[in-house]
Amino acid sequence: MKCLLIASESAQVLFYWTDQEFEANLRQRFENLVEQHRERSPAFEDSINTLFAPFLISCITLNEKISDTYTSVVSENNYLFIVHQFGECTYVAVNGDGSENEDDLRRKIFVLKKIIDVCFGLVTLDTNILKKKLRPQDTEQRCKVWKMLQNMLITYSHLREEDQSFLVEAVERLIHPQLCEQCIEFLDRQVVQQVNSSMERANEEVVHTFILVHTKLLAFFSSRNASSLRPSDLLSLILIAQDMYPSDSNLEALIVKDLENTPVTEEVYAPELSSGAQGGGESVESSLYRSQFTGSVVQVAEDSLQAFESFPSGSSVPKRVFLDANLKDNYCPMMPHNMYCMSLWPGISLVLLTKVPSSHIAVSLYQLLDAFTVLEAKLSDGQELGHTSRIYPNMPDLRQRMDKFIKAVGVLKRQLQSAWVDFKNKAFSKPDIGKSQELLQACRNVKSQLCLVYQQYFLMKPAGDSQHLSVNLQTKTLKIVQEKLMDWKDFLLVKSKRNTTMISYLRDFPGLIHFIYVDRTVGQMIAPSLNVSEKSTELGKGPLASFIKSKVWSLVGMGRRYLQKGYTTLTFRDGDYYCCYFLWFENESGYKLPVIELPVLSDDSAPIGMLTGDYYRKLLRYYAKNHSLEVIKCFELLTIHLGVVPTEFVIQQCSDLVRKLWEPSRIPLL
């Protein structure tokens, strides 16, 4: 990707990201123009505005005049432009070297939108406030916001190119049932319970906590009163954690260097579990996905880690994130949480998610904003407001709830009350011809004031605000977890490189080269590791490993394209290989349910995935319409076989592989 930007309805660039080559060429182009006209060199930000202004004005004008605009454009020099409209903001992604197609660029646009939602919450419903958040007047603050979003995009792009979990957008568990169970137990007793009972927690409550080894999830625990964490939100948090503490290439290189000389066997070395923690037997995954972990690897990892003793363990000031929350009686799609991400050691992180004291206000604000958004849509379409209880929103009920909220609100009360009185005078008075536009504007004013209240409560806290876990409490928690995992840290780092291997599968599935199995109901995946950085791997040596990896990435993309057209099964021969993609539904007992006709998506629809609109969540709801009495589960399987394996054997192996992977793993559930 050469460039990605967001522009307002006036064609002003609110945010941009460019790669180094694109930026260098653009700077050179404007320097030449300046020399020709003997003018002062413009700031690079102004250069971006000037370059894209004609294109943006064209898009915006088309949208205003005919309520339509471009979705993709190819220029004379073969630059590909992808355009998508979110409200009054126009997103544009550009590629000029052919390395990315329309789906790749559109996916990055939707991922950027997801990042903005997670970082800014419900204020994204008001374009004017969002513009100020994305493009603050203060230059230093603007650079800070843009740098944060740019870094997140760079991290996502890297992970999608290198990590299978971000390729298929699903969470990968680190497979070690006994350690996982131990970690969940001590996260409950020694982290969540201790923090929530501490006097230093400043009225915050830990609702979720988990441990990451690079991008792989070792253990996850939620408190009893916590809302379930959606897989798309968990993947977003893993992205944020990786952005804060990216995997260290020097440490990786030292571990890999020793692994290159380590023959792959089925033996595994791991520290002994503490007394009383021994579990009976070993899980299917634990016995199937094993790699040798020798004493020399331990020494290399330990020596490397000693060199990083001064590595920062995390900031005491949390990051505010907004996540989907299903409470007992209420729902809020962007509930404010504080995210504490602490580096235990390079590559291993602890994350705490806390519920902020004023979170109940977010629920009330969402309910009111949802009602006024529906009203705005009705008024925009020329509909009249319904005052009966059968029509949503119920106006008498909305009036009562709004009056009650204004009495209770502690910030911006005067402005909100003024906007609400103006709306009430227009909405509940006798209808008058020509007043509909005034009522629409009054509705928008109330909605804007509600977003300002939301911003004041959840986005305007000063950096040094004391309303969060104390530094002492964070340090104490960090040390507790470090002491627990001290004997495991070296093992975990290497285990993350070879979490799952193909060795044991080769006996039962001759000819199978690679597979990815995804449980879309819980958003988790299993796949053999792809370590193409190693000179010698299970996939072969040198270029062969990279070639197989490119086949896997290509298969995922093709599977998505056909799923977008409504196909759930895809098999094809690709040179010397035979590739398969399957999507199917099961009930809770594992019984495969009948195939149905899936909806066909347009080319400019949200790309298939979890970070780009949670396609699979919507797909499960769509299928469940005719199976309301059953718990529906959705699965995907992608396989690559050698082309010499007969087709009927490939299909049979896929079926057998699913049965083997479906067997209970005894890895504790999230």
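From a predicted model like this one, the values you see are computed outputs, not experimental measurements.

Trainee: Got a sec to walk through the overall build of the protein? Specific residues and values, please.
Mentor: Helices and strands together make up the secondary structure of the protein, namely 21 helices and 18 strands. With 670 residues in all, the protein has 54% of them scored as buried. For the protein, the proportion of contacts with a sequence separation of at least 24, taken over those separated by at least 6, is 72%. In the structure as shown, the protein presents an accessible area of about 31,300 Å², 50% of it carried by carbon and sulfur atoms.

Trainee: Describe in detail the sheet that holds strand β2 (residues 13-18), supporting the description with residues and values.
Mentor: One open sheet holds the five strands; their spatial order is β2-β1-β5-β4-β3, and the pairing between them is antiparallel. Strand pairing shows two members of the sheet lacking a second neighbour, β2 and β3 (72-74), which therefore form its edges. Ignoring strand direction, the axes of neighbouring strands in this sheet form an average angle of 15°. Across five bridges, the pairing between strand β1 (residues 3-7) and β2 is antiparallel. When the sheet's bridge partners are listed, Ile-6 is paired in β2 with Phe-15. Lying over the sheet, helix α2 (residues 44-66) contacts β1, β2, β3, β4 (80-86) and β5 (89-95), oriented at roughly 115° with respect to β2.

Trainee: Outline the packing of aromatic side chains, supporting the account with residue identities and numerical values.
Mentor: Going through the model one piece at a time under the given rule, you end up with 24 aromatic pairs. Ring geometry for Phe-55 against Tyr-70: centres 5.9 Å apart, planes inclined by 15°, an arrangement best described as stacked. With a gap of 15 residues between them, Phe-55 in helix α2 and Tyr-70 in the loop between α2 and β3 connect regions that are remote in the sequence. The exposure class of Tyr-70 is partly exposed, given its relative accessible area of 30%.

Trainee: Break down the pattern of salt bridges for me, citing the residues and quoting the values.
Mentor: Considering all chains together, one arrives at 24 salt bridges under this definition. Ionic pairing is found between Glu-185 and Arg-189, a salt bridge with its closest N-O pair at 3.3 Å. Residue Glu-185 and its partner Arg-189 are located together in helix α7 (residues 177-196), separated by four residues, close to a single helical turn. Given the relative accessible area of 42%, Glu-185 is considered partly exposed. Lys-355 serves as the salt-bridge partner of Glu-205, at 3.7 Å between the closest nitrogen and oxygen. Here Glu-205, found in strand β7 (residues 205-213), pairs with Lys-355, found in strand β11 (residues 348-355); they are 150 residues apart in sequence, far enough to count as distant.

Trainee: Tell me about a negative patch on the surface, and please be specific about residues and values.
Mentor: On the surface, Asp-68, Glu-102, Asp-603 and Asp-604 cluster together into a patch of negative charge. Here Asp-68 shows up in the loop between α2 and β3. Overall, the relative accessible area of 45% leaves Asp-68 in the partly exposed class.

Trainee: Talk me through the nonpolar core; I want residue IDs and the actual numbers.
Mentor: The nonpolar side chains of a soluble globular protein tend to be buried with one another. In terms of nonpolar packing, the biggest core is built from 119 residues, with Phe-52, Phe-372, Phe-423 and Leu-450 touching the most fellow members. The contacts of Leu-450, once residues within four sequence positions are left out, are Leu-365, Leu-368, Leu-369, Phe-372, Met-402, Phe-405 and Leu-416. Leu-167, Phe-585, Ile-608 and Cys-634 belong to the second-largest nonpolar core, a separate cluster that totals 34 residues.

Trainee: Describe in detail helix α21 (residues 647-662), supporting the description with residues and values.
Mentor: One turn of the α-helix equals 3.6 residues, which is why residues spaced by three or four share an orientation. Over its 16 residues, α21 runs 23 Å from end to end, which matches the ideal 22 Å to within 8%, given 1.5 Å per residue. Regarding α21, the residues found buried are Val-650, Gln-653, Cys-654, Leu-657, Val-658, Lys-660 and Leu-661. What you see down the axis of α21 is that its buried residues fit within an arc of 165°, all on one side.

Trainee: A description of the environment of Phe-52 should follow, citing residues and the corresponding values.
Mentor: Structurally, Phe-52 can be placed in helix α2. Relative accessible area serves as the criterion here: at 3%, Phe-52 is assigned to the buried category. For the pair Phe-52 and Gln-12, spaced 40 residues apart in the sequence, the C-alpha separation amounts to 9.5 Å. In contact with Phe-52, not counting residues within four places along its chain, are Cys-3, Leu-5, Phe-22, Phe-81, Val-92 and Val-94.

Trainee: How would you sum up unusual backbone geometry? Please name residues and give values.
Mentor: Excluding glycine, residues mostly carry a negative phi; peptide bonds, for their part, are mostly trans. Phi is positive for Glu-169, close to 55°, though the residue is something other than glycine. Relative to the elements of secondary structure, Glu-169 occurs in the loop between α6 (164-168) and β6 (171-172). At Asn-203, a position not held by glycine, the phi torsion is positive, near 65°. Following the sequence through the fold, Asn-203 ends up in the loop between α7 and β7.

Trainee: Which residues make up the pairing of β2, and what values go with them?
Mentor: The element β2 is largely enclosed, with a buried count of six among its six residues. In textbook terms, the turn of a hairpin is the stretch between consecutive antiparallel strands, and for β1 and β2 this stretch comprises five residues, one of which, Ala-11, has a positive phi near 70°.

Trainee: So what's going on with the packing of helix α5 (residues 139-162) against helix α8 (residues 231-244)? Which residues, and what values?
Mentor: Here α5 crosses α8 at 105°, and the two axes come no closer than 9 Å. Here α5 lies roughly perpendicular to α8, going by the angle between them. Residues Asn-151, Met-152, Thr-155, Tyr-156 and Leu-159 of α5 lie in contact with α8, whose contacting residues are Leu-239, Ile-240, Gln-242 and Asp-243. Across the contact of α5 with α8, the residue classes tally to five nonpolar, three polar and one charged.

Conventions adopted
- Residues numbered from 1 in each chain as written.
- Predicted model: local features only at pLDDT ≥ 70, side-chain atom pairs only at ≥ 80, totals over all residues.
- Heavy atoms only, no water.
- Helix = DSSP H or I, 4+ residues; strand = E, 2+ residues; numbered from the N terminus.
- Buried < 20%, exposed > 50% of the residue type's maximum accessible area, 1.4 Å probe, protein only.
- Contact = heavy atoms within 4.5 Å.
- Areas by Shrake-Rupley, 256 points an atom, 1.4 Å probe, with all protein chains shown as cover.
- Pairing = 2+ DSSP bridges.
- Axes fitted to C-alpha atoms, helices over the stretch in contact; angles between N-to-C directions.
- Phe/Tyr/Trp six-rings, centres within 6.5 Å; stacked < 30°, edge-to-face > 60°.
- Salt bridge = Lys/Arg side-chain N within 4 Å of Asp/Glu carboxyl O.
- Patch = residues over 30% accessible without salt bridge, like charges linked within 9 Å, V, L, I, M, F, W, Y side chains within 5 Å.
- Lys, Arg positive; Asp, Glu negative; His and termini not counted.
- Charge placed at Lys NZ, Arg CZ, Asp CG, Glu CD.
- Core = buried A, V, L, I, M, F, W, Y, C linked by side-chain atoms within 4.5 Å.
- Expected span 1.5 Å × (residues − 1).
- Arc of directions from axis to C-beta.
- Parallel < 35°, antiparallel > 145°, perpendicular 65-115°, else oblique.
- Nonpolar A, V, L, I, M, F, W, Y, C, P; charged D, E, K, R; others polar.

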